[in-house]
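Results of the structural survey
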Amino acid sequence: MERIGFFFEATDWAGDPVNREPAKCLALQWFSVHELPEDIIEYPKEGLLGYLEGSGALAEHGW
């Protein structure tokens, strides 16, 4: 199955994240980008690492 993900940098926000799909998601938490959880989903991880490494606006994973 092909998938495309779009990621955005939030520079200003207020409040706490709320789990609006508890049947699909056990919890939402903030993590340091240097201490990501072991079970992070691969494609968001690759997008985040691409941003952190400054490899440009496009990160390809499995294409």
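These lines cover the structure that appears in this document, whether it is placed above or below. In this text the structure is predicted, and so the values were computed from the model without any measurement. (Residues numbered from 1 in each chain as written. Predicted model: local features only at pLDDT ≥ 70, side-chain atom pairs only at ≥ 80, totals over all residues. Heavy atoms only, no water.)

Moving on, we get to the overall build of the protein chain. Looking only at helices and strands, the protein chain features one helix and zero strands. Counting across all 63 residues of the protein chain, residues that qualify as buried make up 3%. By element, 54% of the accessible surface of the protein chain is carried by carbon and sulfur atoms, the whole surface being about 6,300 Å². (Helix = DSSP H or I, 4+ residues; strand = E, 2+ residues; numbered from the N terminus. Buried < 20%, exposed > 50% of the residue type's maximum accessible area, 1.4 Å probe, protein only. Areas by Shrake-Rupley, 256 points an atom, 1.4 Å probe, with all protein chains shown as cover.)

This part takes up helix 1 (residues 42–53). The terminal C-alpha atoms of helix 1, which comprises twelve residues, lie 16 Å apart, in line with the 16 Å expected from a rise of 1.5 Å per residue. Looking one or two places after helix 1, you find Gly 54, whose phi comes out positive at around 70°. (Expected span 1.5 Å × (residues − 1).)

Here the focus is the packing of aromatic side chains. Both the distance between ring centres and the angle between the ring planes are used here to describe each pair of aromatic rings. For the coordinates displayed, the defined rule picks out two aromatic pairs. With a centroid separation of 6.3 Å and 55° between ring planes, the pair formed by Phe 7 and Tyr 43 is classed as tilted. Here Phe 7, found in the segment before helix 1, pairs with Tyr 43, found in helix 1; they are 36 residues apart in sequence, far enough to count as distant. Phe 7 sits in the partly exposed class, given a relative accessible area of 45%. (Phe/Tyr/Trp six-rings, centres within 6.5 Å; stacked < 30°, edge-to-face > 60°.)

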